[in-house]
Amino acid sequence: MRTPEQVDLQALHRNRDRLVSERTALMNQARAFYIEHGLALRTGAGGFHADIRRHLGNLVDIENPGGTHWKRDPNTARLSVPWPTR
């Protein structure tokens, strides 16, 4: 028979596993999207987050100073991708 603490700990582990799985699925989906647009992202959460920050840091607003349309900086990338904003 398990103690209430053991049951609670098992529930916490299940929740953590589910959250990690969802995070992994979301990163894989984003990675696939970026690969289609010519941007490579490393695997693993740390590399993914570092690469996202690096790529977003290379974005400049070329067409619209208001920030509604983003494109890759032509000095750092060959690709020009419209970026939707909300």
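See the structure shown above.
Reading the values: rules and limits
Residues numbered from 1 in each chain as written. Predicted model: local features only at pLDDT ≥ 70, side-chain atom pairs only at ≥ 80, totals over all residues. Heavy atoms only, no water. Helix = DSSP H or I, 4+ residues; strand = E, 2+ residues; numbered from the N terminus. Expected span 1.5 Å × (residues − 1). Buried < 20%, exposed > 50% of the residue type's maximum accessible area, 1.4 Å probe, protein only. Arc of directions from axis to C-beta. Phe/Tyr/Trp six-rings, centres within 6.5 Å; stacked < 30°, edge-to-face > 60°. Core = buried A, V, L, I, M, F, W, Y, C linked by side-chain atoms within 4.5 Å. Contact = heavy atoms within 4.5 Å.

1. Side note on helix α2 (residues 45-57)
Right, so step 1: An ideal rise of 1.5 Å per residue puts 18 Å on 13 residues; α2 measures up with 18 Å between its terminal C-alpha atoms.
Right, so step 2: Buried residues of α2: Gly47, Phe48, Asp51, Ile52 and His55, and no others. Looking down the long axis of α2, one finds its buried residues gathered within 135 degrees of arc, a one-sided arrangement. Exposed side of α2, more than 90 degrees from the buried face: Gly46, Arg53 and Gly57 are the residues found there.

2. Topic: the packing of aromatic side chains
Right, so step 1: In total, this model carries 1 aromatic pair according to the counting rule given.
Right, so step 2: Taken together, a centroid distance of 5.6 Å and an interplanar angle of 75 degrees make the contact between Phe33 and Tyr34 edge-to-face.
Right, so step 3: A relative accessible area of 41% means that Phe33 is categorised as partly exposed.
Right, so step 4: Looking at Tyr34, the relative accessible area reads 12%, which means it is buried.

3. Focus on the nonpolar core
For soluble globular proteins, the rule of thumb is that nonpolar side chains tend to be buried together.
Right, so step 1: Grouped together as the largest cluster of nonpolar side chains are 6 residues: Met27, Tyr34, Leu39, Leu41, Phe48 and Ile52.
Right, so step 2: Within the residue set of this core, elements represented by two or more residues are α1 (4-36) and α2.
Right, so step 3: Ignoring any residue separated from it by four or fewer positions in sequence, one finds Phe48 in contact with Met27, Ala30, Arg31, Leu41 and Arg42.

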